[in-house]
Amino acid sequence: MEHYERIEKIGEGASGVVYKARDRRTGATVAIKRLRGGGGDDEQLSEDLVREARCLEACRGHPCLVELRAAHRDAAAGAFLVMDYVGPSMAQVMRERGAGRPVPEAEARRLMRQLLEGAAAMHDLGVLHRDLKPDNVLVDGHGNLKICDFGMSRFAAAATGHAAPYTSPVVTLWYRAPELLLGSREYDAGVDTWALGCIMAELLSGAPLLPGRSEMDQLNRAFDTVGADDMADWPRFARLPRAGSPLCRKSRPPSRLRDMFPALSTAGFDVLSGLLACRPDRRLTAADALRRPWFTDAESSADQPRNACGARLSERVGGVAADAIVV
Ligand SMILES: Nc1ncnc2c1ncn2[C@@H]1O[C@H](COP(=O)(O)OP(=O)(O)OP(=O)(O)O)[C@@H](O)[C@H]1O
């Protein structure tokens with residue numbers, strides 16, 4: 001910890017405190033996430049740190065994912081992760097814009113392209129983020145986005161050879177996919193793409209799409225908004241712990257998403273409704289979403305990244321040598 005001079009606290013969440021700091025050796029501004037508790041003997045904490053660090057480490061080098069510089073664990077300072085400092089968060093930017101002020105469609109497309117590029121890269125590496133929301137998206141000085149907070153992330157069963165079940169619940173309530181609300185413990189990257197659909201809707205309307213007050217209220221809002229007709233036909237539906245809930249039997253009108261976004265282009269709505277498909281097997285993957293006309297037609301070429309955000313994983317950002325990962 002002696003290498004870092006603390007500047008200010010920038011965030012505090014379930015798993016720890018995040019500080020803005022200066023690396024005394026390089027002068028670089030970094031973000032230090034110090035995990036709650038010690039670091040020495042706490043086994044759960046150590047496991048959490050290792051999991052977060054491993055996921056971040058796997059994702060290093062992608063311009064749309066926050067860059068891990070180092071992970072440390074020692075008796076005196078406890079456990080902490082050092083990342084590139086990027087800010088403010090998308091949530092802060094949207095709060096400052098003021099509630100109900102939508103982002104124009106072309107700008108929403110530019111931002112969604114970056115989030116989907118980051119998600120597609122993560123998913124390709126077998127990493128599920130499991131807590132995508134505007135607070136966990138950082139906006140850099142060029143207006144480009146980086147996904148952060150891998151505190152809930154884990155490698156997918158397919159990537160490790162270890163079978164699900166995974167933990168449930170994951171993902172902050174307003175961004176939580178229907179299958180999670182129904183108690184699924186065998187979910188996949190669709191939980192992240194649903195959250196990205198919620199973020200897209202929030203960009204386009206200037207307000208959270210599904211601000212539920214409880215898990216059941218959240219599920220009810222999701223079904224009322226995107227329709228739930230086909231959910232019961234999903235082959236895995238019957239095995240979901242909450243499949244018998246009265247909410248699943250209630251008859252509902254079809255999706256009202258189109259009426260909520262009347263000005264959105266057909267191509268834009270194709271992506272929005274694809275990300276927010278209630279049935280996980282009908283939901284767009286991040287990679288598929290990027291192949292839809294909204295992103296591939298000639299008009300969208302004007303919103304290419306403002307810096308290197310289209311770069312592939314193997315290309316390192318800025319050429320800064322990262323510290324050794326010491327976990
Ligand atoms: N690399 C970073 N640069 C700048 N700010 C960051 C960085 N990483 C995290 N933050 C800010 O700090 C906040 C809290 O960090 P993080 O989400 O990783 O902690 P957490 O304990 O897991 O929080 P939560 O419980 O809310 O998910 C983030 O929402 C973000 O605004």
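Residues numbered from 1 in each chain as written. Predicted model: local features only at pLDDT ≥ 70, side-chain atom pairs only at ≥ 80, totals over all residues. Heavy atoms only, no water.

### Section: helix α2 (residues 90-97)
Note that an α-helix has 3.6 residues per turn; residues three or four places apart therefore point the same way.
Consideration 1: All of the buried residues along α2 are M90, A91 and M94. With its buried residues spanning 100° around the axis, α2 presents them on a single face. In α2, the exposed positions that point more than 90 degrees away from the buried face belong to R95 and E96.
Consideration 2: Summarising the contacts, the buried residues of α2 are in contact with α3 (105-124), β7 (137-139), β8 (145-147) and α6 (190-205).
Consideration 3: Remark: G98 follows α2 within two positions and exhibits a positive phi of approximately 100°. (Buried < 20%, exposed > 50% of the residue type's maximum accessible area, 1.4 Å probe, protein only. Helix = DSSP H or I, 4+ residues; strand = E, 2+ residues; numbered from the N terminus. Arc of directions from axis to C-beta. Contact = heavy atoms within 4.5 Å.)

### Let's talk about the packing of aromatic side chains
Consideration 1: Counted by the stated rule, this structure contains two aromatic pairs.
Consideration 2: Considering the side-chain rings of Y4 and F80, the 6.4 Å spacing of their centres and the 85° angle between planes classify their relative orientation as edge-to-face. In this pair, Y4 is assigned in strand β1 (residues 4-12) and F80 in strand β5 (residues 78-84), connecting sequence segments 76 residues apart.
Consideration 3: Judged by relative accessible area, Y4 falls into the buried class, the value being 6%.
Consideration 4: Sitting above the plane of the Y19 ring, R6 keeps its charged end 4.1 Å from the centroid. (Phe/Tyr/Trp six-rings, centres within 6.5 Å; stacked < 30°, edge-to-face > 60°. Lys NZ or Arg CZ within 6 Å of the ring centre and 35° of its normal.)

### Quick look at the sheet that holds β5
Consideration 1: Ordered by their spatial adjacency, five strands build an open sheet running β1-β2-β3-β5-β4, and the pairing between neighbours is antiparallel. The open sheet terminates on both sides in strands that have one partner only, identified here as β1 and β4 (68-74). Across the sheet, the mean angle from the axis of one strand to that of its neighbour is 25°, orientation sign disregarded.
Consideration 2: Two strands pair when backbone bridges link them, and β4 and β5 are joined in this way by six bridges, in the antiparallel orientation. Paired with H72 across the strands is F80, a residue of β5. (Pairing = 2+ DSSP bridges. Axes fitted to C-alpha atoms, helices over the stretch in contact; angles between N-to-C directions.)

### Here we look at the site of the ligand
Consideration 1: Taken together, 22 residues are adjacent to the ligand, and A14, K33, V86, D135 and D149 come closest.
Consideration 2: Between the ligand and the protein, one listed contact pairs an oxygen atom with a backbone N or O atom of D135 at 2.8 Å.
Consideration 3: If the ligand stood free it would expose 610 Å²; the protein chains cover 87% of that surface.
Consideration 4: If you map the ligand onto the pockets, it falls in the largest pocket.
Consideration 5: Breaking the shell around the ligand down by element, the ones donating at least two residues are β1, β2 (16-23), β3 (29-35) and β5. (Near = heavy atom within 4 Å. Polar contact = N/O pair within 3.5 Å; in protein donor to acceptor, adjacent residues only side chain to side chain. Areas by Shrake-Rupley, 256 points an atom, 1.4 Å probe, with all protein chains shown as cover. 1 Å grid on protein atoms, 1.4 Å probe; cavity = no way out; pocket = protein on both sides within 12 Å on 5 of 7 lines; lining within 4 Å. Sits in = over half its atoms within 2 Å of the grid points.)

### With respect to the layout of surface pockets
Consideration 1: Its volume calculated, the largest pocket comes out at about 880 Å³.
Consideration 2: Lining the largest pocket are 39 residues, and of these V18, D135, N136, C148 and D149 lie nearest its centre.
Consideration 3: Residue assignment for the lining of the largest pocket shows that the elements contributing at least two residues are β1, β2, β3, α1 (43-58), β5 and α2.
Consideration 4: Tallying contributions element by element places α1 first for the lining of the largest pocket, with four residues.
Consideration 5: Residue composition of the lining of the largest pocket, by class: 17 nonpolar, 10 polar and 12 charged.
Consideration 6: If you add up the space inside the second largest pocket, you get close to 300 Å³.
Consideration 7: Along its surface, the second largest pocket is lined by 18 residues, and A91, M94, R95, E202 and P208 are the ones closest to its centre. (Points joined across faces, edges and corners; volume = space filled by probe spheres on them. Nonpolar A, V, L, I, M, F, W, Y, C, P; charged D, E, K, R; others polar.)

### Some thoughts on the pattern of salt bridges
Consideration 1: The final tally for this structure, using the stated rule, is 18 salt bridges.
Consideration 2: Here R283 makes a salt bridge to E179, at a shortest N to O gap of 2.9 Å. Here the residue R283 occupies a position in the loop between α10 (266-275) and α11 (286-290), and E179 occupies one in helix α5 (residues 178-181), the gap between them amounting to 104 residues.
Consideration 3: Exposure remark for R283: the relative accessible area of 6% places this residue in the buried category.
Consideration 4: We note a salt bridge from D288 to R291, for which the minimum N-O separation is 2.7 Å.
Consideration 5: What makes D288 partly exposed here is its relative accessible area of 31%. (Salt bridge = Lys/Arg side-chain N within 4 Å of Asp/Glu carboxyl O.)

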